Each structure stands twice: as structure tokens, then as C-alpha cells.
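Spelled out, the chains give:
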Amino acid sequence: MSFYETFGKIRRQALGSIPVLVGVVILVILVGSTALARWIAPYHPTRATGGINEFPSWAHPFGTTGQGQDVLSQFLYGGQNTLWIAFTIAVLTTLLALIVALTSAYFRGWVDDVLTLVTNVFLVIPSLPLIVVLAAFLTPGPATMIMVLTITGWAFGARLFRSQALSLREREFIAAAEDVGERRWRIVAIELLPNMGSVVAAYFVNQVIFAITAQASLEFLGLGDGGQVTWGSMLFWAQNTSALIRGAWWTFVVPGMAIALTAFSLALINNAVDELGNPRLRADRLLRKAGFSKPSASLMTPVKRDA
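I will try to describe carefully the structure that is included in this document. Keep in mind that what you see is a predicted model, and the values were worked out from it rather than measured. (Residues numbered from 1 in each chain as written. Predicted model: local features only at pLDDT ≥ 70, side-chain atom pairs only at ≥ 80, totals over all residues. Heavy atoms only, no water.)

## Overview of the overall build of the protein chain
The criterion, for reference: Helix and strand assignments follow DSSP, with helices taken as H or I runs no shorter than four residues and strands as E runs no shorter than two, numbered in order from the N terminus. In this scheme, a residue with accessible area under 20% of its type's maximum is buried, one over 50% is exposed, and one in between is partly exposed, where area comes from a 1.4 Å probe on protein chains only. Working rule for contacts: check all heavy atoms of both residues, and any pair within 4.5 Å makes them a contact. Only the protein chains shown count as cover for residues, with accessible areas throughout obtained via the Shrake-Rupley method and a probe of 1.4 Å.
Looking only at helices and strands, the protein chain has 16 helices and zero strands in total. Put simply, the protein chain has 307 residues, and 44% of those count as buried. By sequence separation, contacts in the protein chain at least 24 residues apart represent 69% of the contacts at least 6 residues apart. Total accessible area on the protein chain is roughly 16,700 Å²; 66% of this is exposed by carbon and sulfur atoms.

## Remarks on the environment of T251
The condition is simple: Here a polar contact is recorded for every N or O atom pair within 3.5 Å, except that within protein the pair must consist of a potential hydrogen donor and a potential acceptor, and residues adjacent in sequence are included only if both atoms are side-chain atoms.
Structurally, T251 is set in helix 14 (residues 250-277). Separated by 177 residues in the primary sequence, T251 and Q74 have C-alpha atoms spaced 9.9 Å apart. Among residues more than four places away in sequence, those in contact with T251 are N53, T64, T65, V71, M234, A238 and A243. One polar contact links the side chain of T251 to the main-chain carbonyl oxygen of A248, over a distance of 2.8 Å.

## Quick look at the packing of aromatic side chains
Stated precisely, the cut-off is as follows: Only centres within 6.5 Å qualify two rings of Phe, Tyr or Trp (six-membered ring in Trp) as a pair; their planes then separate them into stacked at under 30 degrees, edge-to-face at over 60, and tilted for everything else.
Applying the stated criterion across every chain, the model contains nine aromatic pairs. A centroid spacing of 6.3 Å and a plane angle of 45 degrees characterise the contact between F87 and F204, whose relative ring orientation is tilted. Placement of the pair is F87 in helix 4 (residues 71-107) and F204 in helix 11 (residues 197-220), with a sequence separation of 117 residues. Aromatic side chains F236 and W237 sit 5.1 Å apart centroid to centroid with 70 degrees between the ring planes, which places their arrangement in the edge-to-face category.

## Looking at the nonpolar core
In summary, soluble globular proteins display a tendency toward joint burial of nonpolar side chains. Selection rule: We define the nonpolar core as a collection of buried residues of types Ala, Val, Leu, Ile, Met, Phe, Trp, Tyr and Cys that are connected through side-chain atoms lying within 4.5 Å of one another.
By size, the foremost hydrophobic cluster in this structure holds 42 residues, and its most contacted members are F75, L149, L218 and W231. Breaking this core down by element, the ones donating at least two residues are helix 2 (18-35), helix 4, helix 6 (127-137), helix 7 (142-153), helix 11, helix 12 (231-240) and helix 14. In terms of residue count, the dominant contributor to this core is helix 4 (nine residues). Apart from residues no more than four positions distant in its own chain, W231 is found in contact with T34, F75, G78, G79, T82, L83, P255, A258, I259 and T262.

## So, unusual backbone geometry
Residue N53 is not a glycine yet carries a positive backbone phi of 50 degrees. Note that N53 resides in the loop between helix 3 (37-40) and helix 4. In this model, S242 sits at a positive phi of 55 degrees, which is unusual for a non-glycine residue. For S242, the position within the fold is in the loop between helix 12 and helix 13 (243-246). Take S242: its relative accessible area is 29%, and that puts it in the partly exposed class.

## Description of the pattern of salt bridges
It is possible for side chains bearing opposite charge to pair when their charged atoms get close. Convention followed: Note on definitions: salt bridges are taken to be side-chain nitrogens of Lys or Arg within 4 Å of carboxyl oxygens of Asp or Glu.
Within the structure shown, the criterion is met by one salt bridge. The salt bridge partner of D112 is R162, with a shortest N-O separation of 3.0 Å. Here D112, found in helix 5 (residues 109-124), pairs with R162, found in helix 8 (residues 155-169); they are 50 residues apart in sequence, far enough to count as distant. Judged by its relative accessible area of 11%, D112 is buried. A relative accessible area of 22% places R162 in the partly exposed class.

## Quick word on the packing of helix 4 against helix 8
The condition that has to hold: Lines fitted to the C-alpha atoms define the axes, with helices restricted to the stretch that makes contact. Angles between their N-to-C directions range from 0 to 180 degrees. The cut-offs work like this: below 35 degrees is roughly parallel, past 145 is roughly antiparallel, 65 to 115 is roughly perpendicular, and the gaps in between are oblique. Two helices crossing with the near one rotated counterclockwise from the far one by less than a right angle form a left-handed crossing, whereas a clockwise rotation gives a right-handed crossing. All amino acids are sorted into three groups, where Ala, Val, Leu, Ile, Met, Phe, Trp, Tyr, Cys and Pro are nonpolar, Asp, Glu, Lys and Arg are charged, and the leftover types, Gly among them, are polar.
It is the contact of helix 4 with helix 8, at a shortest axis distance of 8 Å, that shows an interaxial angle of 40 degrees. By the angle between their axes, helix 4 is oblique relative to helix 8. With respect to the hand of their crossing, helix 4 and helix 8 are arranged in right-handed fashion. Each of T94, A97, L98, V100, A101, L102, S104, A105 and Y106 in helix 4 lies in contact with helix 8, whose residues at this interface are G157, A158, F161, R162, A165, L166 and R169. Of the residues belonging to the contact of helix 4 with helix 8, the class tally is 11 nonpolar, three polar and two charged.

## Quick notes on the packing of helix 5 against helix 8
Axis angle and axis distance: for two packed helices, these are the angle between their axes and the distance between the axes, and together they describe the pair. Interaxial distance between helix 5 and helix 8 falls to 8 Å at its minimum, and their mutual angle equals 135 degrees. Classified by the angle between their axes, helix 5 and helix 8 sit oblique to one another. At the point where helix 5 passes helix 8, the crossing takes the left-handed sense. Only A155, F156, A158, R159 and R162 of helix 8 make contact with helix 5, whose side of the interface consists of D112, T116, T119, N120, F122 and L123. In terms of residue class, the contact of helix 5 with helix 8 is made up of five nonpolar, three polar and three charged.

## Side note on helix 4
What counts here: For a helix, the expected span equals 1.5 Å multiplied by the number of residues minus one.
With 37 residues, helix 4 extends 53 Å from end C-alpha to end C-alpha; this agrees with the ideal 54 Å at 1.5 Å per step. In terms of burial, helix 4 is largely enclosed, as 26 of its 37 residues are buried.

## Side note on the side chain of N53
The exposure class of N53 is buried, given its relative accessible area of 17%. Polar contacts involving the side chain of N53 include one to the main-chain amide nitrogen of G66, which spans 3.2 Å. When residues no more than four places from it in sequence are discounted, the contact partners of N53 are T64, T65, G66, R246, A248, W250 and T251.

Following this line, the structure appears as C-alpha cells:
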């Protein structure tokens with residue numbers, strides 16, 4: 001299945017599924033509003049434009065922070081920074097996992113042994129302590145955040161893609177391509193990779209969720225760049241100024257809801273992607289549309305039992 005066929009199926013399923021459509025609408029609103037932050041944000045995100053912890057009003061629809069900054073402006077600019085970092089991490093981890101997995105599965109032999117060993121090492125190392133240690137000792141900033149989360153986030157995808165690629169490696173169309181003398185990398189790029197489209201797309205969506213939550217967690221712990229406005233740094237400064245104790249709930253509810261809604265929308269979209277690689281899910285959805293209350297049970301194979 002080519003990339004365009006995969007995209008077309010996802011689009012058709014999104015239009016035919018209310019949860020997926022809701023997820024797409026939420027994500028488009030969040031990404032669109034943050035992308036236009038420069039034009040629609042009422043104030044500069046780091047300048048004091050009001051009183052300390054002002055309640056939401058017409059002048060400041062989402063209130064102000066403990067430093068008098070407009071929360072709406074920080075939400076828009078912070079989302080812009082958070083989302084581009086998260087999508088960059090998702091792209092890099094997916095590409096790295098694909099390169100390792102396809103190389104390992106197709107060439108096998110000592111190449112497979114070495115790459116599998118490296119993957120297993122990264123899988124057994126506790127990721128959270130490693131992330132914290134790397135973030136603490138490197139210079140804070142977007143580049144460090146991307147590097148740390150890419151290094152620690154690719155191994156599971158490599159294992160997942162390798163198992164899928166090993167299964168496809170034994171199919172007839174791969175053997176036919178080898179018999180006609182196709183080059184190895186052409187077989188990988190043209191024959192093997194397109195047939196993994198649904199798995200790759202689902203992993204990419206999950207990696208975006210991982211990157212957003214991991215980035216926010218590190219910044220909340222003070223391991224990010226405190227001078228850069230992101231949803232995670234908004235939570236960090238809300239905690240530092242004792243916003244919860246002072247009753248300034250808007251300073252942490254706004255970024256918290258932004259992170260939750262982004263993850264929620266991506267999870268809904270991932271349902272459409274999952275159906276591409278899982279025939280049971282597609283059958284369940286079709287049977288529900290046909291009026292069956294328990295679609296999964298109808299797909300079970302009858303088993304004859306002895307009396």
C-alpha cells in the first residue's frame with residue numbers, strides 16, 4: 001500500500017467516523033491557532049501587560065500569570081513552540097526506527113545481530129532516568145530537548161517495525177523483486193516500506209503524543225529552557241509562583257488542557273490509522289453500522305465441544 005493510498009483511506013475513514021472527525025477538528029483548531037500566534041495573540045508572551053494573577057476578563061480572556069503576563073498570548077506562542085518540537089521529535093524517532101528496522105530485517109546476518117543488540121540495550125535502559133540525566137547536564141534549549149527525546153524514544157519503534165518487516169520479507173512479491181534483479185535499497189524503499197504504511201502512521205501519531213507529554217514533564221521539572229514560552233514552561237512557572245495556593249487556577253488549567261486536548265485529538269485520529277492495519281477493527285465498525293450489538297462475538301469461530 002502506497003503512501004497516497006494510506007492517506008486516502010485515512011481521509012475516508014475520518015469523514016465516516018465521528019470520533020476521528022472530532023479529533024481532526026480539535027487538532028486543526030489547536031495547530032491553526034498556534035501557527036497564527038504572531039497575528040492573533042493580543043500581547044507579547046513574555047511582557048507584563050497586567051496585574052499579578054488577574055482573573056480572566058475582556059482585557060485578558062485567560063487571565064494573567066504571577067508575573068503579569070497574558071495567559072492567552074502564552075498559550076498561543078507556547079503551543080507553537082511545543083508542537084513544532086513535538087512533531088520534529090516524532091519525525092526523527094520514526095525515521096531512525098525505520099532505518100534500523102529495515103536494515104536489520106532485510107540484510108539479516110551480522111547486521112541484524114548488531115542492530116538488534118543496540119536496540120535491546122536502549123530498550124532495557126530505564127528511559128525516564130536517562131532522559132532526566134541527559135536533560136540536566138546538557139545546555140537547555142529546543143535542540144537539547146529534540147536530541148534527548150530522539151535518543152531515548154526510537155528503540156520501541158525499531159523493534160515494532162523489524163517484526164513487521166520480517167513478516168513482509170518472506171512474501172512472494174519480495175522474492176519476485178529479488179529474482180528480477182532489483183537493487184536491495186530499491187526493494188526496501190519501493191516494495192517493503194509502502195506495505196508498512198499503517199503501522200508507521202500509527203507509531204508516528206503515538207510519538208507525537210509521547211514527545212508532547214515528555215517535553216512538558218521535563219520543563220515542569222525545570223529541565224527545559226525557562227526563557228522560552230511553551231506549555232510545559234507555563235506549568236513550571238505556575239508551580240514556581242504557587243498559583244494553586246493563590247487560587248490562580250487559570251495559569252495551570254490552560255496549558256494542562258492544551259496538552260490533554262492535543263493528546264486526546266491524536267488518540268482519536270489514531271483510531272482511523274489502527275483500522276488500516278487491523279482487519280478485525282474494520283469488521284467491527286462495519287458490523288456496528290449494520291446493527292450488530294456485539295460485533296466481535298460474531299466474528300468468533302464456533303468450536304465443537306465433546307459432550
